[in-house]
Number of protein chains: 2
Amino acid sequence: MSMGNGDYKYPAAGVECAHRVAVPPPQPFTKSLKTSLKETFFPDDPLQQFKNQPASKIFRLGLQYLFPILEWGPRYSFQFLKADLISGISIASLAIPYGIANQPPILGLYSSFVPPLVYAMMGSSRDLAVGTVGVGSLLMASMLGNEVKANEHPQTYLHLAFLATFFAGVFQASLGLLRLGFVVDFLSHGTKVGFMGGAATVVCLQQLKGVLGLDHFTHGTGIVSVMRSVFTQTHQWRWESGVMGCCFLFFLMRTKYFSKRRPKFFWVSAMGPLTSVIIGSLVVYLTRADRLGVQVIGNLKKGLNPPSLSELPFGSPYLWTAIKTGIVTGIISAAEGMAVGRSFAMFKNYPIDGNKEMIAFGMMNIAGSCTSCCLTTGLFSRSEVNFNAGCKTALSNIVMAMAVMITLLFLTPLLHYTPIAVLSSISIAAMLGLIDYDAAIHLWKVDKFDFIVCMTAYIGVGFGSVEIGLVQAVAISLLRMLLFVARPRTSVLGNIPDSKIYRSVDQYPAASTVPGFLILEIDAPICFTNAGYLRERILRWIYEEEDKLKAAGESSFQYVIVAMGAVSNIDTSGISMLEEVKKSMERRELKLVLANPGGEVMKKMNKSKFIGVLGQEWIYLTVGEAVGACNFMLHTSHPKAMADDSSMV
Amino acid sequence: MSMGNGDYKYPAAGVECAHRVAVPPPQPFTKSLKTSLKETFFPDDPLQQFKNQPASKIFRLGLQYLFPILEWGPRYSFQFLKADLISGISIASLAIPYGIANQPPILGLYSSFVPPLVYAMMGSSRDLAVGTVGVGSLLMASMLGNEVKANEHPQTYLHLAFLATFFAGVFQASLGLLRLGFVVDFLSHGTKVGFMGGAATVVCLQQLKGVLGLDHFTHGTGIVSVMRSVFTQTHQWRWESGVMGCCFLFFLMRTKYFSKRRPKFFWVSAMGPLTSVIIGSLVVYLTRADRLGVQVIGNLKKGLNPPSLSELPFGSPYLWTAIKTGIVTGIISAAEGMAVGRSFAMFKNYPIDGNKEMIAFGMMNIAGSCTSCCLTTGLFSRSEVNFNAGCKTALSNIVMAMAVMITLLFLTPLLHYTPIAVLSSISIAAMLGLIDYDAAIHLWKVDKFDFIVCMTAYIGVGFGSVEIGLVQAVAISLLRMLLFVARPRTSVLGNIPDSKIYRSVDQYPAASTVPGFLILEIDAPICFTNAGYLRERILRWIYEEEDKLKAAGESSFQYVIVAMGAVSNIDTSGISMLEEVKKSMERRELKLVLANPGGEVMKKMNKSKFIGVLGQEWIYLTVGEAVGACNFMLHTSHPKAMADDSSMV
């Protein structure tokens, strides 16, 4: 269907025809609502596979959707088993030392048993390795610690932590089921880098307790309180722990550096923590250093995870705190886990459904909270080892869980003499990896505002509290977006020589303004947040350009063309703004012309009758056509203007 | 400076030259920061007049800026005085009846004395008339009433209300001084219509207490509790009050209707309230109806405003509630006042500085809180009467204040017999005017989502509380904007026949897709909120279009052109997204081409080295040039593609 002559406005010979700007064909409200809902909640169309299938197959596909293990399980091969065994053992060698580096140590081992099993059944990523979130415990300590101190009421605190983990899991699963997983996208890159960096810094400094062998330590989660606690107890520092801690820290940093330089030897840094635990235990055992005051783990209870469902204190007076903590930690850990899953899926080129992952994380944490586990998610460093070791499916997590099970059932006595200082240095080495200063420098170079957001989060977490840092960073990110919509860019367009292309004179200094015209471009949807600003800005452009032309002794313009290609939507406030601007212009004997309005804008202008007010003849498909048509009118109907004109297109 | 040959990419004869897309000349960070700050806080350039002036003149201009009366005062003429006297008397005839319709009555008169005087000195609008905010008292009652019940502790409640007014004034003045007046723009049209409508409905229904002569009434501010209070006391209804109230309500509605039909007779509806008071007082006086149970105002204290600064309970346990109430009522009343000022300024074509008005409103309320006044702002109905009566300057407010002063000093005994029923019917008539169902219907037609916001606010205020209604409406408005950025529109572009113009195939059904190309347009800045969604959406467009072409038996495309004219900005997440999309496309042997990236986008892509990754040769000024250049490459370097081609441009 070609555009017939009725679609052209100026069929006169010698003038380039201007096309008619159409109002899009009307769509029933229900259809556009359905499309909007589909784009918002189902952008990746996950239910496509269910179309046109018999009921039994839909049931089977549905089960496979919830439990991907039913999909890749039947296709499993011996090749895969070999690869997954190796990678499973590799990540287990990380899981055990990092597990006992938790507080209390046994929880870390529990958390590497049940949650990975759940993830292997329900998760979509083939490379993700599950573990406890280092900064998660900081978050919990910070938020729960306002109500219950961990050392004064250890049992209460523990049960509250399980309760918070439960709510985190419920929240994550709900977001996934309601297809609201996209809310974790509302954390900008700067927010994540700054927040994780700040939390990692605090956790690092808190490990000084273990490295220096201190008995009493602050509960504060700020850098200042931690440093004060360290430096007011210099007489309590234990040199034995300190020396051991520093040696192993040095060792671990060297192995990391080595593996970074030679990626083939990734297993060197992966073996670092377990090696440190073994060597450290041997040193303490042989020198009986635990009798000399070096702190060791001591007795670790043998046996698998005890159930904790009955101990979840739903009737606690701190229920609301636990819910809040669960929501915050749930979002942070889900964001991290989804980022990990996505980056490996992108690299290996397989699809991953973010909402399905959220459900998996949620169920993992719900199951974990009922089996004495802390908050868990996918960890980048562990998944990287998993990937490098050649994992093929999520079975690597099952292998890791089996290794941890064997440890829990039989090997915990071997961990008796593990020095706390070694575990602290393992934690420090891990946390230092989370302080991504490369990313911060990149932000400074590319996007200074996001760098400010990053620093705000870092300083807020480091010197205030985790909630303050997170809230500040999220608030500033969202404020920036709101400000961006509230103060959209406007620019003057000029003609690129020897063409009908009009671009911003700021970006293209060669573009020259057209005599008789002021061409403005608005770079955002026109809505209630920016209608008032745009009205004043457009009028100010007019005043300023008129003054410039007067000062240069040139004649002023008669037409103001507003290029609306970037105005994707308009609301009633925006249309009122256009009406007011038109009236203001008419008082100054200027004509308002619109160029390239989009579909939604034309629809709204049509429904509010603004097209009738402005006149369909003053709306053009491109700026070039608007200039051409207005020049045509100037030449044919304004003899005075002809006398003024010097060189027109 | 014309674009030389170095700016063209394809100087080969026979092929239209493609222009080079430039990275804008670099600006120092401080300069771009200064420009951003200027656009955000000083869009209307109010300090322009101060440039290049001697110090003494700057001082004088500064005083005139804060006190506009020093500017229009010296230029005052007798003509103005005549006009302002008439308009001042007109609005005084509204101020007195509306003033005594307040609770308690004397406060309304106080509030029409001091605040208008302050506004006349500091305000910029020539037409704005100041008065107490009808829905403001509802807001205060709702928010303060959670803590202190007005009838149980009237003095405490009153002092808290003054304190809240003080904080409202401080908040307004601060916003104005910090140039943050634009925050009131964050209330969408639908929010304001729904909120005011809901509040007006509740106030209307609350007036039934006065109309039916009830002694006891609910303190609830919801429609349900008010109606229950009315209908459980049917035996207490006083028929005399009811009849009187209904008669005068009918009279007032008729005068309003008459004036609406014949705008020349605006004074008819303006005289309505005062006439009702006079007639109602006479009727009660002559029939001694007050002894028959008809409630009257009774004794009104003579004399001007007593100072209340010393009674502001800064040490109250309810300080935080007063601050919160002050902030909320401050924003709502400032939004209303600024809208009034702007609409008349736009009509009469004089400039008005929103932040200066905020300072004036703030000082007005601070002064008012120290002189026993309630919250005041510019009222639309009263300003309309002011305007119709021909006011020339803000002196009309001074005239009104003088008339109220005379009333306070001498005429309060005359108001003794004013029936409460008459005052209630005056309030009802005023409130009915605030329920703007025309605006709601217009919203339904033009912008259904804003209509939903409107209804949410209305139902929230009417059936919940004012805070619930306001918070819901603001939250939904902002959520809509966030969702809009998080789910931007993307569309497939096609070629308008016989042109090099490419537009959305949804808006222009005549536009046809170009064989060998998939042309997509993204309609929003690419940032962290939508990068993930856009990546999935672009890939889904590719899959869907490939499937369509396969099903139709046509050859697939090799180039994916992304038109970025509407992408006004991009951040690090957006650039990562483009890199990932490029890699995904390369795996499918597709080429990513960018068309028309704006200045900011080019800057960020340049700083993050993405231009090097993509290749400068794959960035074009327009979609047409991209298509032309890619076709050229297809024909010259892909003989297989030549065999496939049927008709190229």
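Thresholds applied
- Residues numbered from 1 in each chain as written.
- Chains lettered and ligands numbered in written order.
- Predicted model: local features only at pLDDT ≥ 70, side-chain atom pairs only at ≥ 80, totals over all residues.
- Heavy atoms only, no water.
- UniProt positions renumbered as here; feature names shortened; annotations may be inferred.
- Least-squares fit on C-alpha atoms with pLDDT ≥ 70 in both.
- Contact = heavy atoms within 4.5 Å.
- Axes fitted to C-alpha atoms, helices over the stretch in contact; angles between N-to-C directions.
- Helix = DSSP H or I, 4+ residues; strand = E, 2+ residues; numbered from the N terminus.
- Parallel < 35°, antiparallel > 145°, perpendicular 65-115°, else oblique.
- Left-handed = near helix turned anticlockwise from the far one by under 90°.
- Nonpolar A, V, L, I, M, F, W, Y, C, P; charged D, E, K, R; others polar.
- Buried area = accessible area lost by both parts, 1.4 Å probe.
- Salt bridge = Lys/Arg side-chain N within 4 Å of Asp/Glu carboxyl O.
- Polar contact = N/O pair within 3.5 Å; in protein donor to acceptor, adjacent residues only side chain to side chain.
- Phe/Tyr/Trp six-rings, centres within 6.5 Å; stacked < 30°, edge-to-face > 60°.
- Buried < 20%, exposed > 50% of the residue type's maximum accessible area, 1.4 Å probe, protein only.
- pLDDT = per-residue confidence, 0-100.
- Patch = residues over 30% accessible without salt bridge, like charges linked within 9 Å, V, L, I, M, F, W, Y side chains within 5 Å.
- Areas by Shrake-Rupley, 256 points an atom, 1.4 Å probe, with all protein chains shown as cover.
- Lys, Arg positive; Asp, Glu negative; His and termini not counted.
- Charge placed at Lys NZ, Arg CZ, Asp CG, Glu CD.

- An unreviewed UniProt entry lists chain A under the name STAS domain-containing protein, from Vitis rotundifolia.
- Recorded in UniProt under Subcellular location (unreviewed entry), the annotation for chain A is "Membrane".

1. What to know about the relation of the copies chain A and chain B
Part 1 of the argument: Each copy of the sequence occupies a distinct position, and chain A is placed on chain B by a rotation of 179° and an axial shift of 0.0 Å, giving an RMSD of 0.1 Å. Such values leave the two copies arranged in the relation of a two-fold axis. Rotation axis and chain A: the residue whose C-alpha lies nearest the axis is Ala566 of chain A, separated from it by 2.0 Å.
Part 2 of the argument: Both copies share a contact surface, since 100% of the interface residues of chain A are interface residues in chain B too.

2. Some words on the packing of helix H14 (residues 319-348) of chain A against helix H15 (residues 354-369) of chain A
Residue and element names in this part refer to chain A.
Part 1 of the argument: In contact at an axis separation of 10 Å, H14 and H15 are set at 130° when each is read in the N-to-C sense. With respect to H15, the element H14 is oriented oblique. At the point where H14 passes H15, the crossing takes the right-handed sense. Taking contact as the criterion, the partners of Ala334, Gly337 and Met338 in H14 are, on H15, Gly354, Glu357, Met358 and Phe361.
Part 2 of the argument: Of the residues belonging to the contact of H14 with H15, the class tally is 4 nonpolar, 2 polar and 1 charged.

3. Section: the interface of chain A and chain B
Part 1 of the argument: Each side of the interface is counted separately: chain A has 86 residues, and chain B has 86 residues.
Part 2 of the argument: When chain A packs against chain B, the two sides together hide about 7700 Å² of surface, and 61% of this comes from carbon and sulfur.
Part 3 of the argument: One can count 1 salt bridge joining chain A with chain B.
Part 4 of the argument: Of the charged contacts in the structure, one is a salt bridge between Glu600 of chain B and Arg489 of chain A, with a shortest N-O distance of 4.0 Å.
Part 5 of the argument: Viewed at the interface, chain B and chain A are joined by 12 residue pairs in polar contact (both at pLDDT 80 or more).
Part 6 of the argument: If you list the elements that add at least two residues to the side of chain A that touches chain B, you get helix H1 (29-41), H14, helix H19 (437-446), helix H20 (448-464), helix H21 (466-486), helix H22 (531-551), helix H23 (572-587) and helix H24 (599-607) of chain A.
Part 7 of the argument: If you tally residues by element for the side of chain A that touches chain B, the top one is H21 of chain A, at 8 residues.
Part 8 of the argument: A per-class count over the side of chain A that touches chain B returns 37 nonpolar, 22 polar and 27 charged.

4. A word on the packing of aromatic side chains
All names here are of chain B.
Part 1 of the argument: Going through the model one piece at a time under the given rule, you end up with 32 aromatic pairs over all chains.
Part 2 of the argument: Taking 6.0 Å as the distance between ring centres and 50° as the angle between the ring planes, the aromatic pair formed by Trp72 and Tyr76 counts as tilted.
Part 3 of the argument: For Trp72, a relative accessible area of 14% puts it in the buried group.
Part 4 of the argument: Using a relative accessible area of 23% as the deciding quantity, one classes Tyr76 as partly exposed.

5. Considering unusual backbone geometry
Part 1 of the argument: With a phi close to 60°, Glu589 of chain A is a non-glycine residue in the positive phi region.
Part 2 of the argument: Inspection of the secondary structure assignment puts Glu589 of chain A in the loop between H23 and strand E7 (591-595).
Part 3 of the argument: Relative accessible area serves as the criterion here: at 70%, Glu589 of chain A is assigned to the exposed category.
Part 4 of the argument: Phi is positive for Asp498 of chain B, which is not a glycine, with a value near 60°.
Part 5 of the argument: The topology assignment puts Asp498 of chain B in the loop between strand E3 (490-495) and strand E4 (502-504).

6. Notes on the confidence of the model for chain A
Residues and elements named next belong to chain A.
Part 1 of the argument: For chain A, per-residue confidence averages 85 on the pLDDT scale, and residues scoring 70 or more make up 94% of the total.
Part 2 of the argument: The low-confidence segment residues 1-8 (pLDDT under 50) makes 15 contacts with residues lying over four places distant or belonging to another chain.
Part 3 of the argument: Note on residues 10-15: pLDDT under 50 across the span, and 10 contacts to partners over four residues away in sequence or across chains.
Part 4 of the argument: For this predicted complex, the interface confidence comes out at an ipTM of 0.82, alongside a pTM of 0.79.

7. Section: a positive patch on the surface
Residue and element names in this part refer to chain A.
Part 1 of the argument: On the surface, Lys31, Lys34, Lys38 and Lys51 cluster together into a patch of positive charge.
Part 2 of the argument: Considering the arrangement of structural elements, one finds Lys34 in helix H1.
Part 3 of the argument: Its relative accessible area of 65% is what places Lys34 among the exposed residues.

8. Description of the environment of Ala101 of chain B
Part 1 of the argument: Tracing the backbone through its elements, the reader meets Ala101 of chain B in the loop between helix H4 (78-100) and helix H5 (105-110).
Part 2 of the argument: Apart from residues no more than four positions distant in its own chain, Ala101 of chain B is found in contact with Leu423 and Ser427 of chain B.

9. Description of a nonpolar patch on the surface
Part 1 of the argument: Nonpolar side chains collect at one region of the surface, where Phe258, Phe265, Trp267 and Met271 of chain A lie side by side and expose about 360 Å² of accessible area between them.
Part 2 of the argument: Checked against the element boundaries, Met271 of chain A lands in helix H13 (residues 266-287).

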